[in-house]
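Examination of the molecular architecture
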Amino acid sequence: MSNFEQKEPPRREHRLHACIASGGTLADMANRKMKCCIPDGERSFSQNSICLLLPALGMMNSIPNSVVLMHGAVGCGSSAHGGNAAVRAGNVHRWGAVKDGVWLSTALDERDVICGGEEKLEEAIREVDRRYSPTIIFVVAGCVPGIIGDDIDSVAQRLQSEVSAKLLPVHCEGFKTKIWATAYDAVYHALGRVMLQETSENISTEKPKKPTVNLMNVSSMGRIDEVELERLLIALGLNVNIFPVFAKPEKMYSMTHADLSISTCPTHDDYMLTYLKEKYNIPYIIKHMPIGISNTGEWLRGVAEFFGLTNEVEEFIKEEEVELKKALEEFKPLFSGKKVFVSAGEFRALSTAILLAELGFEVVAVRSYHHDEFADTEYEKLAKITAKDFPLNIANCQPFEEANLLRRVKPDIFLGHMNGNATAAKLGVATTVIYNVGLQFVGYQGAYQLARRLHRQLTNPNFNQNISKWVNLPYSQGWYDQDPFTYIKKGEAQGE
Amino acid sequence: MSNFIERPRFTCALGGAMATVTALPKGVPILHAPSGCAGNHAWTQAGGCGLQVGGYCGGLSIPGSNVQEKEVVFGGTERLEEQINNTLKVMDGDLYVVLTSCVTDIIGDDVASVVRPLRDKGIDIIHAETGGFKGNSYLGYELVLESLLGTYISKGKTKKGSVNVWGIAPYFDVFWRGNLEGIRNLLRKLDLEVNTFFTIDDSLAGIQQAGSAELNIVVSSVIGEKTAEISREIHGIPYLMTDLPIGPAASDEFLRTVGSALHLDQEFVEKVIVQENLRYYQLLEPMTDCFNDMDLQRYAAVIGDSNYAVSIARFLSEDLGWLPEVVAITDVLDEEKQSFIMARLTSLTSRVTPKIIFADNSTEIAGQVKEHWANQQGKGGKYNNPLTPAFVVGSSLDRPLATDLGAAHLSVSFPVANRAVIDRGYTGYHGGLRLIEDLISTMIINR
């Protein structure tokens, strides 16, 4: 039975044996095929991080004419105050108009916890449908309904015939998975089950004439990155549809008409692409992120090969690379031999580390938020280009391990995810953000723009250096004297 | 009451508690929670708190037990115990505060039994039950203070002239640092010793003296009341509640109220008030030309929590001479508090009585404000008297409303997404001047 026939997607711990706790070196990881860490591994000391609700909100809040109805305590969803900047900018960049994301909370209280909140949710759905007239209401479960037993699926099913909006239940109970990438599955699951079904309105939608690809973006790329990938794909003569962020609900069905689906990150898209293949027979490519010079070329080659454009693509890549490499020359003297530490989602960290090696940096440590089998080849690529072993840490943030590693490897510059640069900054290390949807990262333009930012940060790291002289991280001296991976629990058997 | 809140202008009790603990000197929160609560809070802060995230041990540095289904089924105290013991080794804190979440409160983990033996051993560790379903971030602030009062601060011999200040929740009053400092500066003019708990000049040693204060001052008609009640019960300290004093009129009243509660020499208090007013108006004086020549008086809509909405409306009306037309109060209040606030706003000493809305839903607030503005548009034709020029003082959620009214806009109340805040504050005489600078600067930005 397809996963999409279940009420909710499986946890990635089970589906992909993904893990979040490992400490070792690159050599331990490359060529080891997941034998490096224990699925579902744990720490005996941990720091809190994010849960799947946060990235899920990033996707849902972007969908035009939708509202997110959060079923949970009043704080679940308040991360959307932070995500809203991207929603506003995303709307401006696509349609020239500022628009805030709309999210609502059933604000479950003590009474609801005792008596159940389904009735409140039902009333809320009716009221939201009436007051906001959205096309989609995402009915999202946080932790509380998951424990008290409120069934968002049954509520949605019961009310669907009563309301005009499409009701999409989305499971984001944070205590159910440690792999927050399950968020992408959760939202894709809801979209796939409801928005891709044939209806009387969409059945006549014509198949596009030009070869068309689905380009997947789960909100890790801003419009500026989409533009670059569109440029590359259009150069191959392809029509590009971008899903699911900022995709109009009425157009989502056209995803089922494409000739090919292309992932921009295997951590994001495998769940949906498998479904599109199984149900609608749309082939897909899921390899790596188009970040970095060689990886962008590889990504394009994969697509071109599918459409029989092998010769055309080689010529195109050659031209692009010549132009880019010439432009990068001015930055390289400053980069040469500088030590760099990279930390982010697995594919972003790896492909960016490869790019940094291409730019002449010496990669001295890498941290990935989680690990699953999709990334095995990327570790091998990285090992090949860096030709040197260095610390590798799988961690769902856990800045205490990062602080310890930073003091050991002493990088010249650190690249961290949004919300992940403060540790390095307070240690006085120059930083460049590796994830920020307002900035450009992917394709050839992304490589150039990242280089520009790195050059700028390295030219004057005074902000961080000054902070570090007067501000302390919250760790004991004793911690710095210990092995950075002290608190990672070792399982009985390594690997599966 | 509606069955939902649109884009709540606060987060949950746990979020408020995290913010409060990270604002204590070298305070380290330890979450007994699933893995996402600190991240949710960090993103909330990044988007709502004027770019202030964390503190000494905030954001994703906050230690936590990261409970999962296993703990939900079998209980999480064992995991918490392991987490706390290792936290004491890894994290360098002066006070550790265990905070519970929705999940661990519902499954009923007995956190007190884990924390008590550690405290008995002399470790500075306390806990608060802060499950998100218990209430909003203001409650979280109070729950942490209650825990401090109950287990960390003991009753001492009353120290004359010493006061505690409550009612400003760190981070969820985005200007908390500056506001606390502003209040402290005011009170120091009366030669008082002021315990503000959360500014960088406060210390844990000072906070532990809070049980010796002569008076607790709550600068809110809502937030901090419970805390003050508890302090009265266990420390026998009386309290008074005032508006958040923004600008000269409110500061005059504040000084008089405090002076009378502490039986200070009236003449002395009046002398301070005269000095401060002189100073305020001498500083304002050079703006007199432009304020008048550029016609900088505005009709205003004020939207915010009860602390800000009331005090800013009062400042605009009584000090700046603007015309607050609508005041929307966005926190959840019972009827008694609502009528108290109504009374405050209908007794402004200027002749302006604003329309008052109690609502937590931005779309509804915008609708009602626009309706009020539309009703004042007149019948059309050549001579009209609409409510222009206008200004919206609110949060960043009220920008679409300002656009629709053709009004200028300043974010003051949470969420403040579009300003960078370090230690700016609006309290006291000095704070009034800051607010004038900010209001007028947004109006003349294209000049």
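Residues numbered from 1 in each chain as written. Chains lettered and ligands numbered in written order. Predicted model: local features only at pLDDT ≥ 70, side-chain atom pairs only at ≥ 80, totals over all residues. Heavy atoms only, no water.

**Points about the overall build of chain A**
Under the convention used in this document: Helix numbering and strand numbering both begin at the N terminus, where a helix is a DSSP run of H or I of at least 4 residues and a strand a DSSP run of E of at least 2. Each radius of gyration is computed over the set of C-alpha atoms, and the globule rule expresses the reference value as 2.2 Å times the number of residues to the power 0.38. Partly exposed describes any residue whose relative accessible area lies between the buried limit of under 20% and the exposed limit of over 50%, with all areas from a 1.4 Å probe on protein chains only and scaled to the type maximum. The contact rule is simple, with two residues in contact once any of their heavy atoms fall within 4.5 Å. We get accessible surface area from the Shrake-Rupley algorithm with a probe of 1.4 Å; when it comes to residues, only the shown protein chains can shield them.
Helix and strand content of chain A: 21 helices and 14 strands. Compactness check: chain A gives a C-alpha radius of gyration of 23 Å against a globular reference of 23 Å for 496 residues, within 12% of the reference. In terms of overall dimensions, chain A has C-alpha extents of about 65 × 60 × 45 Å along its principal axes. Split into buried and exposed, the 496 residues of chain A put 62% on the buried side. Across chain A, the fraction of contacts at a sequence separation of at least 24, relative to all contacts at a separation of at least 6, is 76%. With an accessible surface of roughly 18,400 Å², chain A has 50% of that area assigned to carbon and sulfur atoms.

**Comments concerning helix α2 (residues 37–48) of chain B**
The condition is simple: To estimate how far a helix should extend, the number of its residues minus one is multiplied by 1.5 Å.
In a regular helix each residue adds 1.5 Å, so 12 residues correspond to 16 Å; α2 of chain B covers 16 Å between its end C-alpha atoms and thus fits that length. Counting buried residues in α2 of chain B gives 10 out of 12 residues, a clear majority hidden from the surface. For α2 of chain B, the full list of buried residues reads Ala38, Gly39, Asn40, His41, Ala42, Trp43, Thr44, Gln45, Gly47 and Gly48 of chain B. Among the structural elements, α3 (53–60) and α4 (80–95) of chain A together with α1 (13–22) and β2 (27–32) of chain B are those in contact with the buried residues of α2 of chain B. Gly50 of chain B sits one or two positions beyond α2 of chain B and adopts a positive phi of about 60 degrees.

**Here we look at helix α13 (residues 310–328) of chain A**
All names here are of chain A. To keep it simple, the criterion reads: Starting at the helix axis, one direction is taken to each C-beta atom, and the arc is that of these directions.
Its 19 residues give α13 an end-to-end C-alpha distance of 27 Å, which sits within 8% of 27 Å, the value for a rise of 1.5 Å per residue. For α13, every residue scored as buried is listed here: Val313, Phe316, Ile317, Glu320, Glu321, Leu324 and Leu328. For α13, the angular spread of the buried residues around the axis is 130 degrees, confining them to a single face. Of the exposed residues in α13, the ones pointing more than 90 degrees away from its buried face are Asn311, Glu315, Lys318, Glu319, Val322, Glu323 and Lys326.

**Digging into a negative patch on the surface**
The test is simple: Residues with no salt bridge and a relative accessible area higher than 30% make up the patches, which join like charges within 9 Å and nonpolar side chains (Val, Leu, Ile, Met, Phe, Trp, Tyr) within 5 Å. The working definition used for a salt bridge is a side-chain nitrogen of Lys or Arg within 4 Å of a carboxyl oxygen of Asp or Glu. We score Asp and Glu as negative and Lys and Arg as positive, and we do not count His or the chain ends. A charged residue contributes its charge at one atom only: NZ of Lys, CZ of Arg, CG of Asp or CD of Glu.
On the surface, a cluster of negative charge is made up of Glu312, Glu315, Glu319 and Glu323 of chain A. By the secondary structure assignment, Glu323 of chain A is in helix α13.

**Here's the deal with the sheet that holds strand β5 (residues 166–171) of chain A**
Neighbouring strands of a sheet are bound in pairs by backbone hydrogen bonds; such pairs are parallel or else antiparallel. For clarity, the cut-off: Strand pairing is assigned whenever DSSP identifies at least 2 bridges connecting the two strands. With axes taken as lines fitted to C-alpha atoms, and helix axes fitted only over the stretch in contact, angles between N-to-C directions fall between 0 and 180 degrees.
With mixed pairing, the five strands of this open sheet are ordered in space as β5(A)-β4(A)-β2(A)-β3(A)-β1(B). At either end of the open sheet lies a strand with only one pairing partner, and these are β5 of chain A together with β1 (5–6) of chain B. Alignment of strand β4 (residues 136–141) of chain A against β5 of chain A, held across six bridges, turns out to be parallel. Considered in β5 of chain A, the bridge of Val139 of chain A is made with Pro169 of chain A. Contacts from helix α8 (residues 152–159) of chain A reach β2 (66–71), β4 and β5 of chain A within the one sheet, and its direction differs from that of β5 of chain A by about 175 degrees.

**Some words on the interface of chain B and chain A**
In many analyses, interface size is given as the accessible surface area lost on bringing the parts together. Selection rule: Values labelled buried area give the accessible surface lost by two parts on being combined, using a 1.4 Å probe and summing over both. Here a polar contact is recorded for every N or O atom pair within 3.5 Å, except that within protein the pair must consist of a potential hydrogen donor and a potential acceptor, and residues adjacent in sequence are included only if both atoms are side-chain atoms.
At the interface, 64 residues of chain B touch 66 residues of chain A. Approximately 5,300 Å² of surface area, both sides summed, lies buried where chain B meets chain A, with 58% of it carried by carbon and sulfur atoms. Here chain B and chain A share two salt bridges between them. Salt-bridge contacts for Glu364 of chain B lead to Arg131 of chain A; the nearest nitrogen and oxygen are separated by 3.8 Å. Where chain B meets chain A, there are 35 residue pairs in polar contact (both at pLDDT 80 or more). Elements that contribute at least two residues to the side of chain B that touches chain A include exactly β1, α2, α3 (69–74), α4 (77–90), α5 (102–106), α16 (362–375) and α17 (399–405) of chain B. If you tally residues by element for the side of chain B that touches chain A, the top one is α2 of chain B, at nine residues.

**Section: the side chain of Thr22 of chain B**
All names here are of chain B. With respect to the secondary-structure elements, Thr22 resides in helix α1. You can call Thr22 buried: its relative accessible area is 6%. Polar side-chain contacts of Thr22 include one of 2.9 Å to the backbone oxygen of Ala19. Excluding residues within four positions of it along the chain, Thr22 makes contact with Gly27, Pro29, Gly54, Tyr56, Cys57, Gly58, Ile62 and Tyr171.

**What about the environment of Phe463 of chain A?**
Along the chain, Phe463 of chain A falls in helix α20 (residues 462–470). Expressed as a C-alpha distance, the spacing of Phe463 of chain A and Pro283 of chain A, which sit 180 residues apart in the sequence, is 48 Å.

**Observations concerning unusual backbone geometry**
Cis rather than trans, the peptide bond between Phe243 of chain A and Pro244 of chain A has omega equal to -15 degrees. Position of Pro244 of chain A relative to the elements: it lies in strand β7 (residues 239–244). Cis geometry is adopted by the peptide bond preceding Pro389 of chain B, which originates at Thr388 of chain B and carries an omega value of 0 degrees. Among the secondary structure elements, Pro389 of chain B is positioned in the loop between α16 and β12 (390–394). The phi torsion at Phe246 of chain A lies on the positive side, around 60 degrees, for a residue other than glycine.

**Quick word on the pattern of salt bridges**
Overall, the coordinates contain 58 salt bridges over all chains when judged by the stated rule. Its salt-bridge partner being Arg184 of chain B, residue Asp201 of chain B comes within 2.8 Å of it at the nearest N-O pair. Here Arg184 of chain B lies in helix α8 (residues 176–189) and Asp201 of chain B lies in the loop between β6 (193–195) and α9 (204–208), a separation of 17 residues in the sequence. Owing to a relative accessible area of 3%, Arg184 of chain B belongs among the buried residues under this scheme. When salt bridges with common partners are traced through the structure, they connect Glu118, Glu122, Glu123, Arg126, Arg158 and Glu162 of chain A into a single cluster.

**A closer look at the side chain of His189 of chain A**
All names here are of chain A. Tracing the sequence through the fold places His189 in helix α9 (residues 182–194). There is a polar contact of 2.9 Å between the side chain of His189 and the backbone oxygen of Gln6. In this structure, His189 is in contact with Asn3, Phe4, Gln6, Lys7, Glu8, Pro9 and Tyr271, ignoring residues within four places of it in sequence.

**So, the confidence of the model for chain A**
Low-pLDDT stretches of the model should not have their predicted coordinates read in fine detail. Filter applied, for reference: As a per-residue quantity, pLDDT reports the predictor's confidence and falls between 0 and 100.
Mean pLDDT over chain A stands at 94; residues scoring 70 or higher make up 96%. Across residues 492–496 of chain A, where pLDDT falls below 50, the model places eight contacts with residues more than four positions away in sequence or in other chains.

**Some words on the pairing of strand β11 (residues 355–358) of chain B**
Residue and element names in this part refer to chain B. Formally: By convention, orient the strands away from the viewer: a clockwise path from the first strand over the helix to the second makes the crossover right-handed.
Two strands pair when backbone bridges link them, and strand β10 (residues 323–329) and β11 are joined in this way by four bridges, in the parallel orientation. Among the inter-strand pairings, Val326 is bridged to a residue of β11, identified as Lys355. The handedness of the β10 to β11 crossover, carried by helix α15 (residues 335–346), is right-handed.

**Observations regarding the environment of Ala390 of chain B**
Residue and element names in this part refer to chain B. With respect to the element layout, Ala390 can be found in strand β12. Each C-alpha atom, one on Ala390 and one on Ala402, is 8.4 Å from the other, the two residues being 12 residues apart in sequence. The residues contacting Ala390, other than those within four sequence positions of it, are Arg298, Tyr299, Trp373, Ala407 and Ala408.

**So, the environment of Val174 of chain B**
Its location among the elements puts Val174 of chain B in the loop between β5 (162–166) and α8. C-alpha of Val174 of chain B to C-alpha of Cys49 of chain B: the two residues are 125 residues apart in sequence and 5.1 Å apart in space.

**Examining the confidence of the model for chain B**
Per-residue confidence for chain B gives a mean pLDDT of 96; residues scoring 70 or more make up 100%. Scored by ipTM, the complex comes to 0.96, with pTM at 0.96.

**Section: the packing of aromatic side chains**
All names here are of chain A. Defined as follows: Only Phe, Tyr and Trp rings take part, Trp by its six-membered ring, and two of them pair if their centres are within 6.5 Å. Stacked means planes under 30 degrees apart, edge-to-face means over 60, and tilted covers everything else. A ring is considered to have a charge above it if a Lys NZ or an Arg CZ atom is located within 6 Å of its centre and within 35 degrees of its normal.
This structure, assessed with the given rule, holds 26 aromatic pairs over all chains. Pairing Phe45 with Phe400 gives two aromatic rings, centres 4.7 Å apart and planes at 90 degrees, and the pair type is edge-to-face. Remark: Phe400 occurs in helix α17 (residues 399–409) and Phe45 occurs in the loop between α2 (26–29) and α3; sequence separation between them is 355 residues. The residues Phe45 and Phe400 share a single accessibility class, namely buried. Among the aromatic residues, those joined into a cluster by ring pairs are Phe4, Tyr271, Tyr275 and Tyr280. The positively charged end of Arg348 is found above the aromatic ring belonging to Phe441, 5.3 Å away from the centroid. Taking NZ or CZ as reference, Arg407 lies 3.7 Å from the ring centre of Tyr480, over its face.

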